[in-house]
Amino acid sequence: MFEVAVAHTNDPDTQEAVLEVLAQCAEQLQGKQPQGGIVLAAIDFDHPLVLKSIHEAFPECALIGCTTDGEMSSVLEFQQDSLTVMLFCSDSVKFHAGIGLNVSDDPEGISAHAVHSAVSEMGLEPKLCITLPESLTTNSIVILDGLKKGLGSEVPIVGGLAADQWRFKATYQFCGEQVVTDAVPFLLLAGDVLISHGVAGGWRPVGNLAKVHRAEGNVVFEIDGMKALDYYRQYLGPKKPSSQYPLAVFEGSDHFYLRAPSGEIDEDERSVSFFGDVPVGALVQMTEASREEILDASEASMRAAMATYPGKKPGAAMYFSCASRRQILGLRTREEFERVRTSMECPLPSCGFYTNGEIAPLAKGLPSQFHNETFISVVIGTE
């Protein structure tokens, strides 16, 4: 048995909102007690009240969550300033929630220790890790390195970074009844769970492949013997590097992830900063995309997840889409979920959010990667 309840409300009052999502969940669960769940909430809700209320209703539920830059679900599709909850019931899948606190003190070490301890407590080898980490206080790529170290290379890690509606002041992460910042919460799934995913951005590489000769973390100084800013200006002219023109960073010949310029440049150094580290020695390529291509990618992501699902009947879907995609799409943002819904082979209970960065393997069997400006679909089930 694998059943999923999804609830979603756009009521701005926290008390009314949480009562509404609990009523929706209770109606779908019909007395069953969920073992795991995810809470996605706009930044202005009373988050302790939300978690306390859910815990009182479902005290055995392993719960994680975070604040967002927009929410989407099979109930209300795309919304801003809303609250959505996904709860899992199963007699063959085990769920275990964990969290690493004060992660900026040692992003890799704290993440690795927290997830390794959770696996030991669980007593089973996880099949999937869903994580919703901090995005502002530390290096999210190093957090991911720690999770991979603690889990081993065989466990896929998917998720998205907590957001705060482009305020860039503080994001919040949830685990059980805890509301914290500077943390890495995660939900481990073990047992008979089946998993697939799809990754697509929509941006097309243009121009020639180039090599990153000098970079420090997320700041790139030199590409193909040129200053990074000059490399961009050969394509953009005087326009400032922006998230509309991310770099494709290649992993092998067939797969690449995106790195979006943050808008910060240094005219003296002629360097360009990105929303994520760019490795020295990486092969990169300039990209471009239309809004239609960006929307097409969300559909392609879900089609890939459905096509590679290893069973016959998936039970639920989750989505992680970049906040920069939402900014670029503007009034067309709601079309992302519409494209995803129509590309499903059958209707699925689903939810997701707009993130400050996305996490998933580029393809099945590859290690999990940190992405910018990407739409990630995850399909799970037991049949």
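Quick note: structure is the one above.
This structure is a prediction, so every number in the text was calculated from the model and none was measured.

Details of the sheet that holds strand β26 (residues 375-381)
Alright, step 1. Taken in spatial order, the 6 strands line up as β5-β4-β23-β22-β26-β13 in an open sheet, and their pairing is mixed. Unpaired on one side and paired on the other, β5 (77-79) and β13 (194-200) mark the two borders of the sheet. The sheet shows a mean angle of 15° between the axes of neighbouring strands, direction not considered.
Alright, step 2. Sheet strands touched by helix α8 (residues 334-343): β4 (71-73), β5, β22 (316-322), β23 (350-355) and β26. Its angle to β5, the strand with the most contacts, is close to 165°.

Describing the packing of aromatic side chains
Alright, step 1. Evaluation of the coordinates by the stated rule reveals 11 aromatic pairs.
Alright, step 2. Judged by centre distance (6.0 Å) and plane angle (85°), the rings of phenylalanine 320 and phenylalanine 353 are edge-to-face. With phenylalanine 320 in strand β22 and phenylalanine 353 in strand β23, the pair connects residues that are 33 residues apart, well separated along the chain. Like phenylalanine 353, phenylalanine 320 is buried.
Alright, step 3. These aromatic residues form a ring-pair network of at least three members: Tyr231, Tyr232, Tyr235 and Phe274.
Alright, step 4. Over the ring of phenylalanine 221 we find arginine 214, and its NZ or CZ is 4.0 Å from the ring centre.

Some thoughts on helix α2 (residues 47-57)
Alright, step 1. All buried positions along α2 are accounted for by His47, Val50, Leu51, Ser53 and Ile54. Down the axis of α2, the sector holding all buried residues measures 160°, keeping them to one side.
Alright, step 2. Where α2 is buried, its residues meet α1 (14-29), β2 (36-41), β3 (62-67), β6 (83-90), β10 (173-175) and β11 (178-180).

Points about the pairing of strand β9 (residues 157-160)
Alright, step 1. The alternating pattern of β9 places Ile157 and Gly159 and Val158 and Gly160 on opposite faces, both of which are buried.
Alright, step 2. Note that strand β8 (residues 126-131) and β9 share 3 bridges and pair parallel. If you follow cysteine 129 over to β9, its bridge partner there is isoleucine 157.
Alright, step 3. After leaving β8, the chain enters helix α4 (residues 140-151) and then returns to the sheet as β9, a path that is right-handed.

Structural notes on the nonpolar core
Alright, step 1. Ranked by size, the top nonpolar core spans 30 residues in total, and within it Ile38, Phe88, Ile130, Leu187, Leu189 and Ile380 carry the most contacts.
Alright, step 2. Setting aside residues up to four positions removed in sequence, isoleucine 38 forms contacts with Leu63, Ile64, Thr84, Val85, Met86, Phe88, Ile130, Leu132, Leu187 and Met318.
Alright, step 3. Counting 23 residues, the second largest nonpolar core, distinct from the first, contains Ala7, Val18, Leu29 and Leu87.

Digging into the side chain of serine 368
Alright, step 1. Looking at the element boundaries, serine 368 is found in strand β25 (residues 368-371).
Alright, step 2. A polar contact is formed between the side chain of serine 368 and the backbone nitrogen of isoleucine 157, at a distance of 2.9 Å.
Alright, step 3. Apart from the residues within four sequence positions on either side, serine 368 is in contact with Leu144, Lys148, Pro156, Ile157, Ile359, Ala360 and Pro361.

A word on the environment of lysine 52
Alright, step 1. Mapped onto the elements, lysine 52 comes out in helix α2.
Alright, step 2. With 34 residues separating them along the chain, lysine 52 and valine 18 place their C-alpha atoms 9.9 Å apart.
Alright, step 3. Only 2.6 Å separates the side chain of lysine 52 from the side chain of glutamate 56, close enough to count as a polar contact.

Points about a negative patch on the surface
Alright, step 1. A contiguous patch of negative charge, built from Glu216, Asp266, Asp268 and Glu269, is present on the exposed surface.
Alright, step 2. By the secondary structure assignment, glutamate 269 is in the loop between β19 (261-266) and β20 (271-274).
Alright, step 3. Exposure remark for glutamate 269: the relative accessible area of 35% places this residue in the partly exposed category.

Concerning the pattern of salt bridges
Alright, step 1. Throughout the structure, instances matching the rule amount to 17 salt bridges.
Alright, step 2. Of the charged contacts, one joins glutamate 3 and lysine 32 as a salt bridge, the two residues approaching to 3.3 Å between their closest N and O atoms. On the criterion of sequence distance, the pair formed by glutamate 3 in strand β1 (residues 2-9) and lysine 32 in the loop between α1 and β2 is long-range, its members being 29 residues apart.
Alright, step 3. Taking the relative accessible area as the measure of exposure, glutamate 3 reaches 29% and is therefore partly exposed.
Alright, step 4. Judged by its relative accessible area of 30%, lysine 32 is partly exposed.
Alright, step 5. With its nearest N and O atoms 2.7 Å apart, the salt bridge here joins aspartate 296 to arginine 339. Of the two residues, aspartate 296 is situated in helix α6 (residues 291-307) and arginine 339 in helix α8; the sequence distance between them amounts to 43 residues.
Alright, step 6. A relative accessible area of 37% means that aspartate 296 is categorised as partly exposed.
Alright, step 7. Owing to a relative accessible area of 16%, arginine 339 belongs among the buried residues under this scheme.
Alright, step 8. Residues participating in the shared-partner salt-bridge network are Glu292, Asp296, Glu299, Arg303, Arg332, Glu335 and Arg339.

Basis of the calculations
Residues numbered from 1 in each chain as written. Predicted model: local features only at pLDDT ≥ 70, side-chain atom pairs only at ≥ 80, totals over all residues. Heavy atoms only, no water. Pairing = 2+ DSSP bridges. Helix = DSSP H or I, 4+ residues; strand = E, 2+ residues; numbered from the N terminus. Axes fitted to C-alpha atoms, helices over the stretch in contact; angles between N-to-C directions. Contact = heavy atoms within 4.5 Å. Phe/Tyr/Trp six-rings, centres within 6.5 Å; stacked < 30°, edge-to-face > 60°. Buried < 20%, exposed > 50% of the residue type's maximum accessible area, 1.4 Å probe, protein only. Lys NZ or Arg CZ within 6 Å of the ring centre and 35° of its normal. Arc of directions from axis to C-beta. Right-handed = clockwise from strand over helix to strand, strands pointing away. Core = buried A, V, L, I, M, F, W, Y, C linked by side-chain atoms within 4.5 Å. Polar contact = N/O pair within 3.5 Å; in protein donor to acceptor, adjacent residues only side chain to side chain. Patch = residues over 30% accessible without salt bridge, like charges linked within 9 Å, V, L, I, M, F, W, Y side chains within 5 Å. Areas by Shrake-Rupley, 256 points an atom, 1.4 Å probe, with all protein chains shown as cover. Salt bridge = Lys/Arg side-chain N within 4 Å of Asp/Glu carboxyl O. Lys, Arg positive; Asp, Glu negative; His and termini not counted. Charge placed at Lys NZ, Arg CZ, Asp CG, Glu CD.

On their own, these measurements won't tell you what the molecule is for.
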